[in-house]
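Commentary on secondary and tertiary structure
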Amino acid sequence: MTKQSDNTPQDPAVFPDNFLWGSATSSFQIEGATATDGRGESIWDRFCTKDGAIADKSDGKIACDHYHRYKDDVALLSELGLQAYRFSIAWPRVFPDGRGAINTKGLDFYDRLVDELLAANIAPFATLYHWDLPQTLEDKNGWVNRDTAYSFVDYTAAVLARLGDRVTSWATLNEPFVSASLGYRTGEHAPGRKSLPDSCAAAHHLLLAHGMAMPVIRDLAPQAEAGIVLNFTPAFAYSDDEADQQACDVVNGFENRWYAEPIAGKGYPAETAEALGWEQKEIQAGDLETIAAPIDYLGVNYYTRQTIRGNQQKAPQTLPLTDMGWEIYPQGIREILTTLHERHNFKKYYITENGAAMPDKADEHNFVDDQDRIDYLHNHLQQVSQTINQGVPVAGYFAWSMFDNFEWAFGYEKRFGIVRVNYETQERTPKASALWYREVAKSGVVTRHNDSSA
Ligand code: FCB
């Protein structure tokens with residue numbers, strides 16, 4: 001296939017032979033079994049008990065019951081021909097109190113999961129922290145407390161000592177922006193706190209935790225790759241007005257540059273720090289060097305774009321929306337990747353999450369003919385293909401999510417899965433999108449011109 005030099009999306013889009021096709025989940029969103037085998041309480045268990053915190057008043061106690069059904073779930077990954085699986089490890093399973101004594105049974109679960117994946121020839125991509133902080137650490141001020149970063153390093157060492165010989169790829173953190181900002185500034189996520197200075201402190205300690213954990217991963221798993229997963233939501237100014245432009249710069253600085261730039265060794269965006277009034281008193285000598293530890297890859301999570309208007313006004317949305325009310329903007333995935341690569345030249349990128357909640361309707365067989373989700377995946381993958389053709393080293397793609405699951409503050413109302421989960425019976429049924437994605441994974445070719453709904 002000849003490469004096009006312009007940016008017209010191609011169909012079919014042909015991916016390199018060694019491109020990895022996977023799907024992603026996270027511990028709290030699928031595991032359930034929150035009180036089993038010695039697991040401690042996490043901030044999400046606690047948050048779910050707060051009035052009004054979760055839209056459907058649900059919690060993670062059962063979720064997809066993956067803790068008990070992991071064998072069947074791995075079999076399903078295998079049936080779909082997926083080559084890699086991104087999951088996260090629940091810190092409170094390993095250290096019920098955040099630090100101190102290891103709960104061996106908690107590690108045993110991930111040991112079994114990793115072995116099951118390897119036996120099915122699926123590469124394990126493990127994330128150490130996908131938001132489920134042990135509640136005991138939150139009781140000591142959570143990520144606002146620098147000590148939490150040191151506890152994270154101990155936790156990393158314990159996990160790596162057990163699984164370091166078998167996991168293909170490690171990520172320290174998932175979306176520290178969301179942990180810091182929704183957890184400590186807007187209060188929409190656990191632990192539900194609302195303070196801008198606390199959220200800036202949390203952001204710094206999360207990055208510090210990442211930077212301190214990197215050499216531990218390298219020591220204990222020299223053959224594995226190690227990186228971090230960040231989310232990007234490109235922001236566009238509503239108009240040329242100065243107020244809109246300025247507001248947009250702050251959002252881009254706070255969301256899209258705040259984490260990538262320190263990791264790339266460039267420190268925090270100074271003008272954004274100033275605009276936010278962050279005094280930076282948490283930064284100690286050597287921290288920025290620690291945070292800039294070289295990474296093997298950057299994990300990029302991408303879902304949507306945002307339009308920003310100054311003076312507290314809301315910008316209208318103009319593009320089609322997913323069931324989350326998020327605008328569908330496929331070229332954003334390319335824009336983000338090419339910009340990151342131009343600015344920071346990271347060695348390699350994975351799309352660690354991309355996908356859509358859609359208003360799924362299941363038939364009497366639990367089957368969902370989600371042509372809208374196929375369109376979403378197809379259109380974004382076309383853009384990923386263009387990005388690769390433009391010379392950006394993108395090595396794999398993980399559809400979010402393998403299963404419908406606990407979508408944080410939205411509970412089970414929003415369904416992102418390529419596999420339908422019937423929460424009453426726990427039955428799993430691949431949606432049309434999963435069958436379509438199976439063809440993609442098998443052939444390395446992304447096209448809308450095949451019959452995938454059969
Ligand atoms: C990301 C999260 C993931 C999921 C998707 C929809 O921000 O990493 O757990 O909730 O959004």
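Further up the page is the structure itself.
Okay, so let's go over this structure. Being a predicted model, the structure only gives us computed values, none of them experimental.

Scoring rules and cut-offs
Residues numbered from 1 in each chain as written. Predicted model: local features only at pLDDT ≥ 70, side-chain atom pairs only at ≥ 80, totals over all residues. Heavy atoms only, no water. Helix = DSSP H or I, 4+ residues; strand = E, 2+ residues; numbered from the N terminus. Rg over C-alpha atoms; globule rule 2.2 N^0.38 Å. Buried < 20%, exposed > 50% of the residue type's maximum accessible area, 1.4 Å probe, protein only. Contact = heavy atoms within 4.5 Å. Areas by Shrake-Rupley, 256 points an atom, 1.4 Å probe, with all protein chains shown as cover. Lys, Arg positive; Asp, Glu negative; His and termini not counted. Charge placed at Lys NZ, Arg CZ, Asp CG, Glu CD. Near = heavy atom within 4 Å. Polar contact = N/O pair within 3.5 Å; in protein donor to acceptor, adjacent residues only side chain to side chain. 1 Å grid on protein atoms, 1.4 Å probe; cavity = no way out; pocket = protein on both sides within 12 Å on 5 of 7 lines; lining within 4 Å. Sits in = over half its atoms within 2 Å of the grid points. Nonpolar A, V, L, I, M, F, W, Y, C, P; charged D, E, K, R; others polar. Pairing = 2+ DSSP bridges. Axes fitted to C-alpha atoms, helices over the stretch in contact; angles between N-to-C directions. Parallel < 35°, antiparallel > 145°, perpendicular 65-115°, else oblique. Left-handed = near helix turned anticlockwise from the far one by under 90°. Salt bridge = Lys/Arg side-chain N within 4 Å of Asp/Glu carboxyl O. Phe/Tyr/Trp six-rings, centres within 6.5 Å; stacked < 30°, edge-to-face > 60°. Lys NZ or Arg CZ within 6 Å of the ring centre and 35° of its normal.

1. Considerations on the overall build of the chain
A tally of helices and strands in the chain yields 16 helices and 14 strands. For 454 residues, the compact-globule formula gives about 22 Å, and the C-alpha radius of gyration of the chain, at 21 Å, lands near that figure. In the chain, which comprises 454 residues, the share counted as buried stands at 61%. A sequence separation of at least 24 residues applies to 77% of the contacts in the chain between residues at least 6 apart. Total accessible area computed for the chain in this model is approximately 17,300 Å², and 48% of it derives from carbon and sulfur atoms. Positive and negative charge centroids in the chain, built from 41 and 63 side chains respectively, lie 2 Å apart.

2. Some remarks on the site of the ligand
Taken together, the neighbourhood of the ligand is formed by Gln29, His130, Trp131, Asn174, Glu175, Tyr303, Glu353, Trp400, Glu407, Trp408 and Phe416. At 2.5 Å from an oxygen atom of the ligand is found a side-chain nitrogen or oxygen belonging to Glu175. The contact in question runs from an oxygen atom of the ligand to an N or O atom on the side chain of Trp408, over 2.9 Å. About the coverage of the ligand: the protein hides 94% of its 290 Å² of free accessible area. When each cavity is represented as a set of grid points, the ligand is found to reside in the largest pocket. Tallied by class, residues from the shell around the ligand come to five nonpolar, three polar and three charged.

3. Points about the sheet that holds strand β5 (residues 169-174)
Backbone hydrogen bonds hold the strands of a sheet together, and the pairing may be parallel or antiparallel. The sheet built from eight strands closes into a barrel, its strands ordered β2-β3-β4-β5-β6-β8-β10-β11 with parallel pairing. Strand-to-strand twist across the sheet, computed as the mean angle between neighbouring axes with direction ignored, equals 25°. In the packing of helix α8 (residues 176-184) onto the sheet, the strands contacted are β4 (123-129), β5 and β6 (225-232), and the crossing angle to β6 comes to about 45°.

4. A short note on the packing of helix α3 (residues 66-79) against helix α5 (residues 104-119)
In contact at an axis separation of 10 Å, α3 and α5 are set at 15° when each is read in the N-to-C sense. Considering the angle they form, α3 stands roughly parallel to α5. The handedness of the crossing between α3 and α5 comes out as right-handed. Contacts between α3 and α5 pair His66, Tyr67, Tyr70, Lys71, Val74 and Leu77 from the former with Lys105, Phe109, Arg112, Leu113, Glu116 and Leu117 from the latter. Residues that form the contact of α3 with α5 fall into these classes: seven nonpolar, one polar and four charged.

5. Concerning the pattern of salt bridges
Considering all chains together, one arrives at 31 salt bridges under this definition. For Asp287, the salt bridge identified is with Arg146, shortest N-O distance 2.9 Å. Taken together, the residues Asp287 in helix α13 (residues 287-291) and Arg146 in the loop between α6 (135-138) and α7 (147-163) connect sequence positions 141 residues apart. The burial state of Asp287 is the same as that of Arg146; both residues are buried. A salt bridge links Glu279 to Lys281; the nearest nitrogen and oxygen atoms lie 3.8 Å apart. Across the pair, exposure class does not vary: Glu279 and Lys281 are exposed alike. Within this structure, Asp108, Asp111, Asp115, Arg162, Asp165 and Arg166 form a network of salt bridges that share partners.

6. Some remarks on the packing of aromatic side chains
Two aromatic rings, taken as a pair, are described by how far apart their centres are and by the angle between their planes. Within this structure, the stated rule accounts for 41 aromatic pairs. Sitting over the face of the ring of Tyr329, Arg305 holds its NZ or CZ atom 5.2 Å from the ring centroid. A cation sits over an aromatic face here: Arg428 above Phe403, 5.3 Å from the ring centre.

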